[in-house]
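Observations on the three-dimensional arrangement
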Amino acid sequence: MVVKAQSRPAEVLRPGHAGCPGCGHAMGMRMVLRALGNRAVVVVVPSCVAVISGPYPYAALNVPMFHSAFEIAAPTAAGISQALKIQGKDDIPVLAFAGDGGTFDIGLQSLSGAADRNEDFIYVCMDNEAYMNTGIQVSSATPRYAWTGTSPMGNTRRKKHIMEIMAAHRIPYAATACIGFADDLTAKVKKAKEMRGTRFLHLLSPCPTGWKMEQHLSPKAAVAAVETNIFPLYEIFGGSEYVINYRSKGLPVETYLSLQGRYRHLRPEDVKSIQAETDRNWEELKRRV
Amino acid sequence: MSLPDWLNPEKIIPISRGSTTVFKTGTWSGNRPEHREKTSPCRAACPAGNNIPDALFAASQGNFDDALSAFLEESPLPGVCGSVCYHPCETYCNRDKWDGSVHIRTLERAAADYGNAIPIPLANSGERYPVAVVGSGPAGLSAAYHLARMGHPVSVIEARDEAGGLLRFAIPLYRLPQGVFQKDLKRILSLGISINTGEKVGTKKLEEIRAKSSAVFIASGAQRSIKAEIPGLDLEGVLPGLDFLQKVRRSVLTELPGKVVVIGGGNVAVDAARSARRLGADKVEVVCLEQRGDMPAHEREWSDALEEGILFHYGWGPKRFLGKRSRASRVEFAGCTSVFDSKGRFSPSYEEDESLMLDADWVILAIGQVPDISPYRASPLAERGFVQTDPITLATTWEGVFSGGDFVTGPRSVVEAIAAGKRAALSIHCYTLGKPFSEAEERTLLGDGPGFSIHSFFHPREGWDPKSVVRFEDIESLCLDQEARRSLGRLSPVERTTGFHEVDIPLDLREAVQQAGRCFFCGTCTGCDRCFLYCPEVSLLPPDENCSFYRADDAFCKGCAVCAAVCPRGVMTMGEVK
Ligand SMILES: Cc1cc2nc3c(=O)[nH]c(=O)nc-3n(C[C@H](O)[C@H](O)[C@H](O)COP(=O)(O)OP(=O)(O)OC[C@H]3O[C@@H](n4cnc5c(N)ncnc54)[C@H](O)[C@@H]3O)c2cc1C
Ligand code: SF4
Ligand code: SF4
């Protein structure tokens, strides 16, 4: 069938970047940036995002991009946003990409400060659940039982509930999204773009390298995360109004876990406890809606 | 204005002005995706080789003209098949393994109802080779249609006073409304095909037309009712099944008072019984040799008949017809203990002590039909007492004469007759041009065959591999929505039996669009852009003016196979750098 020409949004991400083959982050960045458009300023901090954004003197982003320090993605974005306002360019959105390490651990206090002041920017946490570009070390976004280089027997702590932390700041908008549901992700970026104040996106983007999966499995793992309720898609408005965006198939967590080598060592009782925790979280989320 | 160094951004922070496109990451891997369209299992299972994914995609977009046009690529009778086909396509539909097959047949009917399209011509190389077709049933019409599309002047000769074969004179109106067939027929005739009705072809005539034409296709069906040696057969009120159905379709019989006994366990028997019911019979009983589970009639026909108040007696064979003053009044049956002998041949054995006596004002004998070769007696065709054809080319032993449909196979189905007509058409076309048919067929065989695509033989579809069939396992089921197959509207048994209204209520437009949207469009690219959007390298190029495929940019593609993994129809496949 001859495919009809269709109009497509401009691409902001360029080829030639250094992401691993099948990188979920690259997909996520690409989708976010297409939705954001090419009139924007982007902040990146050390993380796989920074690897993808290009080595000096080359850039993978087709928009002005500021490469800041690990712990200050949020205040950097806030500063740029303020500066643009002073210049009268308050129609240019500022978006910060940080990894889970830069968000859950290292950048948390500066993010909290910026969110507390309700600074005007979009913050996208690209969560691949460990410090991947430094060689797969555990972060506070790593789920319990997951293998990393620093949790060789499986992580003993549970994943930090970043969405609740952000909700506690009562920011106008916080949402989860994932690369498996491109339309939902795109709609959320567009919605965030139309709002003002601190907007937070928690984006799950599976990492074939760190999750020990085949290269082509990132989108599938992301879908599985949602369909098993491990990573539900929802929004929080003003810190209190919850909306669930997708009614999952409620598949058993094995559907998700079995795709990934980082869970290969799980014993049946571990799977059971992951299932129990997932169910509890899901019930808790539904209760809040 | 020049800034002091300590304020000059160019000096205090390094600025990247180059693009990462200088890095040719395509060297990282030798794997590359290929946009390779494939065949859907439904299409491979349809004897006519209908282009179902294209048709259903158009329908899902509300474009019924294109949907009809896609069906017309391979078959002249989408309205008819959409009403009465036994739809093997649905049995093999990939969605059947998910939440119930797509309503393909009903959607074919919707395309015929709501669409308007002119069949796409195939070639004009047949111009100088006139072909004669004997019989205007689905096999004859299909051959004529495809031959005309290849440029051949076609004349059809039909013994009856109207065209259509069993479509016109047997299949009851409650399953195939007259208007539906007429719309198909009109479209076929619009190709400039002439049909001479009222002329029965015999050996002499056959020799005559054979001399005048480049080739002849014989599709005279299997319409001779088998007559059993049963005492009382010539009583008034005893009718062969096909004669009865024909009388009903000709409106010769408009009412049937009294008790009706139908003998036979096949679809013809069931159609006869249901027609009798609609003609107002007081009581209709079907008696067959087989036990309930072994009846050759389709389950659906049988259960419809039950709902309409028809009684069934299983395991009885007719012994004699009894009459009052030359009119049938009763039938006596003997218990049938087995239908086939130990070698599997039809040879019923009876338990003579057991008998059943039924009152009958009418007895309809529907115990089977066979091809009638007697008109061609004295011709090379009849040498063995039946026509023999090459299964691939459908050529008979008589040079230039081809044959197919029920006439060769015995009673089968409309879609198989259409398939035979199409096969004969291309085979005759090759024969007249002196080209081997096997090569033509081989190129467009769908899956393992025997279905093939005549359309794509003349209009090749670039990048399509007709032989590889998309299996359910090739589709990423995690990404599929759940939308169970819905049962469709039908008249209630009471509404049905008040006349010959169509039992299945055709889909309305909105429903048709919705049901078509359930199709996965297996193996057919719909331009959904998923492969493009998910490429983490931004290096899968979408179709444009220069190329109608999605394809990898060799300079940057890292061969990760994400595009192939996210394709919901199994089109993107991994290969290697060319
Ligand atoms: C009651 C009934 C119900 C059926 N229901 C279905 C159904 O629901 N679905 C389905 O798929 N199939 C059904 N079938 C089967 C289907 O109708 C046949 O398989 C199909 O029509 C065969 O097509 P054909 O072209 O080979 O033969 P036919 O349809 O029998 O056509 C043969 C034509 O040749 C003409 N002819 C014969 N001899 C000569 C001659 N010497 N000269 C000139 N013309 C001649 C005849 O008049 C006739 O028009 C049904 C059959 C019957 C009897
Ligand atoms: S889903 Fe559509 S294309 Fe696939 S087998 Fe079923 S009807 Fe055919
Ligand atoms: S002709 Fe029959 S088998 Fe072919 S698509 Fe139509 S309903 Fe299905």
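Everything that follows concerns the structure shown earlier in this document.
Residues numbered from 1 in each chain as written. Chains lettered and ligands numbered in written order. Predicted model: local features only at pLDDT ≥ 70, side-chain atom pairs only at ≥ 80, totals over all residues. Heavy atoms only, no water.

All names here are of chain B. Lining the immediate environment of ligand 3, one finds Cys-46, Asn-50, Ile-52, Cys-81, Cys-85, His-87, Pro-88, Cys-89, Arg-105, Glu-108 and Val-415. Every element with two or more residues in the shell around ligand 3 is listed here: α6 (88-92) and α7 (104-114). In terms of residue class, the shell around ligand 3 is made up of seven nonpolar, two polar and two charged. (Near = heavy atom within 4 Å. Helix = DSSP H or I, 4+ residues; strand = E, 2+ residues; numbered from the N terminus. Nonpolar A, V, L, I, M, F, W, Y, C, P; charged D, E, K, R; others polar.)

In this section: the nonpolar core. With 78 residues, the main nonpolar core has Leu-56, Leu-147, Phe-217 and Leu-426 of chain B as its most contacted residues. Looking at which domains feed residues into this core, each of domain 2 (46-119 + 480-513) and domain 3 (131-223 + 371-435) of chain B supplies at least three. Apart from the residues within four sequence positions on either side, Leu-56 of chain B is in contact with Phe-71, Val-102, Leu-107, Ala-516, Cys-519 and Phe-521 of chain B. Counting residues in hydrophobic clusters, the runner-up holds 70 residues, among them Val-12, Phe-97, Val-223 and Ile-274 of chain A. (Core = buried A, V, L, I, M, F, W, Y, C linked by side-chain atoms within 4.5 Å. Buried < 20%, exposed > 50% of the residue type's maximum accessible area, 1.4 Å probe, protein only. Domains from an automatic or database assignment. Contact = heavy atoms within 4.5 Å.)

Residues and elements named next belong to chain B. Neighbouring residues of ligand 1: 34 residues in total, closest Val-84, Glu-158, Arg-175, Gln-223 and Val-414. A distance of 2.6 Å is found between an oxygen atom of ligand 1 and a side-chain nitrogen or oxygen belonging to Arg-175. Here an oxygen atom of ligand 1 and a backbone polar atom of Ala-219 are 3.5 Å apart. Compared with its free state, where it exposes 1000 Å², ligand 1 has 95% of that area covered by protein. Taken together, the elements giving at least two residues each to the shell around ligand 1 come down to α8 (138-149), α12 (241-249), α13 (267-278) and α16 (414-433). Split by residue class, the shell around ligand 1 holds 17 nonpolar, nine polar and eight charged. Lining the shell around ligand 1 are residues from two domains, each supplying at least three of them: domain 3 (131-223 + 371-435) and domain 4 (226-368). (Polar contact = N/O pair within 3.5 Å; in protein donor to acceptor, adjacent residues only side chain to side chain. Areas by Shrake-Rupley, 256 points an atom, 1.4 Å probe, with all protein chains shown as cover.)

The next subject is the state of the cysteines. All names here are of chain B. Here the structure, examined in full by the defined rule, presents zero disulfides over all chains. Cysteine Cys-531 remains unbridged, with the sulfur of Cys-563 as its closest cysteine sulfur at 6.4 Å. Lacking any disulfide linkage, Cys-567 is separated from the closest cysteine sulfur, that of Cys-528, by 6.4 Å. Residue Cys-567 is classed as buried on the basis of its relative accessible area, which comes to 10%. (Disulfide = S-S within 2.5 Å.)

Another point: the side chain of Asp-120 of chain A. All names here are of chain A. By the secondary structure assignment, Asp-120 is in the loop between α5 (108-116) and β5 (121-127). Residue Asp-120 is classed as buried on the basis of its relative accessible area of 15%. A polar side-chain atom of Asp-120 sits 2.7 Å from a polar atom in the side chain of Lys-85. A polar side-chain atom of Asp-120 sits 2.7 Å from a polar atom in the side chain of Arg-199. Those residues in contact with Asp-120, other than ones at most four positions away along the chain, are Ser-81, Lys-85, Arg-196, Gly-197 and Arg-199.

What follows covers the interface of chain B and chain A. By a widespread convention, an interface's size corresponds to the accessible area lost as its parts come together. Contacts between chain B and chain A engage 47 residues on the former and 44 residues on the latter. Put simply, chain B and chain A have two salt bridges between them. Its salt-bridge partner being Glu-476 of chain B, residue Lys-220 of chain A comes within 3.1 Å of it at the nearest N-O pair. Seen at the junction of chain B and chain A, the total is 18 residue pairs in polar contact (both at pLDDT 80 or more). Those elements that place two or more of their residues in the side of chain B that touches chain A are β1 (18-19), α3 (52-60), α21 (530-534) and α22 (562-566) of chain B. Here the residues of the side of chain B that touches chain A sort into 27 nonpolar, twelve polar and eight charged. (Salt bridge = Lys/Arg side-chain N within 4 Å of Asp/Glu carboxyl O.)

Another point: the sheet that holds strand β6 (residues 194-196) of chain B. All names here are of chain B. Across the sheet, five strands lie side by side as β6-β5-β4-β7-β18; this open sheet has parallel pairing. Only two strands of the sheet have a single neighbouring strand rather than two, namely β6 and β18 (401-403). Between one strand axis and the next, the sheet turns through 20 degrees on average, direction left out of account. Of the strand pairs in this sheet, strand β5 (residues 154-157) and β6 are connected by three bridges, and their pairing is parallel. By the bridge assignment for β6, Ile-157 is matched with Asn-196. Across the sheet, α16 is in contact with β4 (131-134), β7 (215-218) and β18; its angle to β7 comes to roughly 170 degrees. (Pairing = 2+ DSSP bridges. Axes fitted to C-alpha atoms, helices over the stretch in contact; angles between N-to-C directions.)

All names here are of chain B. Reading across from one edge, β9-β16-β10-β11-β12 is the order of the five strands in this open sheet, with parallel pairing throughout. At either end of the open sheet lies a strand with only one pairing partner, and these are β9 (238-240) and β12 (311-314). Sheet twist, expressed as the mean angle between neighbouring strand axes with direction ignored, is 20 degrees. Direction of pairing for strand β10 (residues 259-263) relative to strand β11 (residues 283-288): parallel, over a ladder of five bridges.

Next up on the list: the environment of Pro-206 of chain A. Tracing the sequence through the fold places Pro-206 of chain A in the loop between β7 (198-204) and α8 (218-227). Look past the residues within four positions of Pro-206 of chain A in its chain and what remains in contact with it is Gly-24, His-25, Ile-179, Trp-211, Met-213, Ser-218, Ala-221 and Ala-222 of chain A.

Okay, the packing of helix α4 (residues 64-72) of chain B against α7 of chain B next. All names here are of chain B. Interaxial distance between α4 and α7 falls to 8 Å at its minimum, and their mutual angle equals 115 degrees. The handedness of the crossing between α4 and α7 comes out as left-handed. In this structure, α4 contributes Phe-64, Asp-65, Ala-67, Leu-68 and Phe-71 to the contact, and α7 contributes Leu-107, Glu-108, Ala-110, Ala-111, Ala-112 and Tyr-114. A class-by-class count of the residues in the contact of α4 with α7 yields nine nonpolar, no polar and two charged. (Left-handed = near helix turned anticlockwise from the far one by under 90°.)

Functional significance is not addressed by these values, which are geometric in nature.
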